[in-house]
Amino acid sequence: MRMTVVGSGDAFGSGGRFQTCIALASDQASPPRVLLDCGATSLTALRHQEIETNSVDAVVLSHLHGDNFGGLPFLVLDGQFRRRTRDLIVVGPPGTQNRLEQTMEALYPGSSTVQRRFDVRIVEHLDRQTVEVDGLRVTPFEVRHASSDREGVAAR
Ligand SMILES: [Zn+2]
């Protein structure tokens, strides 16, 4: 497995770093297929690292703060305008489906209901219940982190 740190910054761009986004590939030669978090700056950061966004099969969200989740609407719209055909799986905490729709509508009204060539399939995870996504086993654990959602998540 190859891990690329696409972003490791906080919500405020401290140190000039992009927000949280870790790209995982199955081996050295393959493009990344899974993103761990997708902060608001992540689409720019993925372009900066020349990572093909349409090859991303899944995004695993730790929680729904903007610096961990805010890039997802842009990733979806990027797929729409770049003729993506592969479905995008999003694994996130309870409320992910509603939050994605609300955020997309706030940013680009009508964008959450557009017909695309691919589906965005949301898998909402539950505390300590392992989810398998694209060959990756993700087990969320509730942590203390102030969020409007019930939980933050650490994955292993
Ligand atoms: Zn947070």
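Not measured: the values here are computed from a predicted model.

K.L.:
Looking at this structure, how should I read the pattern of salt bridges?
P.N.:
Where side chains of opposite charge bring their charged atoms close, a pairing between them can arise. Per the counting criterion, the structure on display carries eight salt bridges. Ionic pairing is found between Arg47 and Asp78, a salt bridge with its closest N-O pair at 2.4 Å. One end of the pair, Arg47, is in helix H1 (residues 42-48); the other, Asp78, is in helix H3 (residues 72-81), and 31 residues separate them in sequence. Given the relative accessible area of 7%, Asp78 is considered buried. We note a salt bridge from Glu132 to Arg137, for which the minimum N-O separation is 3.8 Å. In terms of burial, Glu132 and Arg137 fall into one category: exposed. Three or more residues joined by partner-sharing salt bridges are found here, namely Arg47, Glu52, Asp78 and Arg82.

K.L.:
How should the coordination of the zinc ion be read in this particular structure?
P.N.:
Four donors placed tetrahedrally about a metal ideally form angles of 109.5 degrees, and six donors placed octahedrally ideally form angles of 90 or 180 degrees. In the first shell of the zinc ion, the protein supplies His63 (NE2), His65 (ND1) and His145 (NE2), at 2.0 to 2.1 Å from the metal. The motif formed by the donor residues of the zinc ion, counted along the single chain, is H-x1-H-x79-H. Taken together, the residues span a long stretch of sequence, with His63 in the loop between strand S4 (58-60) and helix H2 (66-69) and His145 in the loop between strand S9 (141-143) and strand S10 (152-154) at a distance of 82 residues. A relative accessible area of 8% places His63 in the buried class. Residue class for His145 comes out partly exposed when judged on its relative accessible area of 41%.

Cut-offs applied
Residues numbered from 1 in each chain as written. Predicted model: local features only at pLDDT ≥ 70, side-chain atom pairs only at ≥ 80, totals over all residues. Heavy atoms only, no water. Salt bridge = Lys/Arg side-chain N within 4 Å of Asp/Glu carboxyl O. Helix = DSSP H or I, 4+ residues; strand = E, 2+ residues; numbered from the N terminus. Buried < 20%, exposed > 50% of the residue type's maximum accessible area, 1.4 Å probe, protein only. Donors = N, O, S within 2.8 Å, 3.2 Å for Na, K, Ca; no water.

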